[in-house]
Amino acid sequence: VAIVVTDITRTTPDGVLVDVLCSTLGELGVDREQITIVVGLGLHRPMTDAELDDMLGEYAELAINHDPDDTVTVGKIDGVPIECNRRVAAADSVLATGMVEPHQYAGFSGGGKTVAIGAGGESLIRHTHGPGMLANDGVRLGQIEENPFREMVEEAGELCGLDFCINV
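Residues numbered from 1 in each chain as written. Predicted model: local features only at pLDDT ≥ 70, side-chain atom pairs only at ≥ 80, totals over all residues. Heavy atoms only, no water.

## Thoughts on the overall build of the chain
Working step 1: Helix and strand counts for the chain stand at 7 helices and 9 strands.
Working step 2: Taking 168 residues into account, the globule formula puts the C-alpha radius of gyration at 15 Å, and the chain, at 15 Å, falls close to it.
Working step 3: With 168 residues in all, the chain has 46% of them scored as buried.
Working step 4: In the chain, 72% of the contacts between residues at least 6 apart in sequence involve partners at least 24 apart.
Working step 5: As displayed, the chain offers around 8,100 Å² of accessible surface, 49% of which is attributable to carbon and sulfur atoms. (Helix = DSSP H or I, 4+ residues; strand = E, 2+ residues; numbered from the N terminus. Rg over C-alpha atoms; globule rule 2.2 N^0.38 Å. Buried < 20%, exposed > 50% of the residue type's maximum accessible area, 1.4 Å probe, protein only. Contact = heavy atoms within 4.5 Å. Areas by Shrake-Rupley, 256 points an atom, 1.4 Å probe, with all protein chains shown as cover.)

## Quick look at the packing of aromatic side chains
Working step 1: All told, the structure shown has 1 aromatic pair when counted by the stated rule.
Working step 2: When the ring of tyrosine 105 is compared with that of phenylalanine 149, the centres are 5.9 Å apart and the planes differ by 45°; the resulting orientation is tilted. Within this pair, whereas tyrosine 105 is found in the loop between β7 (102-103) and β8 (107-108), its partner phenylalanine 149 is found in helix α7 (residues 148-159), the two being separated by 44 residues in sequence.
Working step 3: On the basis of relative accessibility, which here comes to 23%, the residue tyrosine 105 falls in the partly exposed class. (Phe/Tyr/Trp six-rings, centres within 6.5 Å; stacked < 30°, edge-to-face > 60°.)

## Observations concerning the side chain of aspartate 14
Working step 1: In this structure, aspartate 14 sits in helix α1 (residues 14-27).
Working step 2: We note that aspartate 14 is buried and unpaired, the nearest opposite charge coming from arginine 10 at a distance of 9.0 Å.
Working step 3: Side-chain polar atoms of aspartate 14 contact the side chain of threonine 97, separated by 2.4 Å. (Lys, Arg positive; Asp, Glu negative; His and termini not counted. Salt bridge = Lys/Arg side-chain N within 4 Å of Asp/Glu carboxyl O. Polar contact = N/O pair within 3.5 Å; in protein donor to acceptor, adjacent residues only side chain to side chain.)

## Brief notes about the nonpolar core
If you look at soluble globular proteins, the nonpolar side chains tend to sit buried side by side.
Working step 1: Among the nonpolar cores identified, the biggest contains 24 residues, and Val4, Val88, Val115 and Leu124 are the most heavily contacted of them.
Working step 2: Elements with a minimum of two residues in this core: β1 (2-6), β5 (80-85), β6 (94-98), α4 (113-116), α5 (122-128) and α7.
Working step 3: It is α7 that contributes the most residues to this core, 4 residues altogether.
Working step 4: If we ignore the near neighbours within four places in the chain, the residues touching valine 4 are Val38, Gly40, Val88, Leu95, Ala96, Thr97, Thr114, Val115 and Ala119.
Working step 5: Formed by 20 residues, the second largest nonpolar core is a distinct cluster that contains Ile3, Ile37, Leu41 and Ala60. (Core = buried A, V, L, I, M, F, W, Y, C linked by side-chain atoms within 4.5 Å.)

## Describing the pattern of salt bridges
Working step 1: By the definition in use, this model includes 6 salt bridges.
Working step 2: Note that glutamate 61 and arginine 32 form a salt bridge whose closest N and O atoms lie 3.4 Å from each other. You can see glutamate 61 sitting in the loop between α2 (49-56) and β3 (63-65) and its partner arginine 32 sitting in the loop between α1 and β2 (36-40), a full 29 residues away along the chain.
Working step 3: Residue classification places arginine 32 among the partly exposed positions, given a relative accessible area of 29%.
Working step 4: Across the salt bridge formed by arginine 86 and aspartate 70, the nearest N and O atoms sit 2.8 Å from each other. Placement of the pair is arginine 86 in helix α3 (residues 86-90) and aspartate 70 in the loop between β3 and β4 (71-77), with a sequence separation of 16 residues.
Working step 5: Given the relative accessible area of 42%, arginine 86 is considered partly exposed.
Working step 6: When its relative accessible area of 30% is taken as the criterion, aspartate 70 is described as partly exposed.

So this is what it looks like as structure tokens:
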């Protein structure tokens, strides 16, 4: 199981959410050793060991920082290669945490964005944050319906195998 969590740039209570997810997985018979927590950095800097300890507590030892150069292509959307963290792509189940808050491009954050952008490759990040995408009328703060940015990251999240996302 891969659990993709937000990084230090978000105020998501990842430690609490990961505790709930890991406890539930344990009740379902998933051993702790079968879980990898991937910190969805996108193109942000890696988190330090101390930051991971503060964020994830007892689960910090299960965490790895996402490396956008360690991805595999899982498909294409409109000609854009969709790359996903190698461990996430190989997982039997992909879970994610997220924060629902206004987002200048996606309308609101959360959902597939944690996996598609946070644990994704540079091609999708550059495309969704580039001038061609941002020039679309529907790409704006607070808009989800008919928002090409939101639609693309949700579809990319599905290609990355996202099974379940818990957002706050």
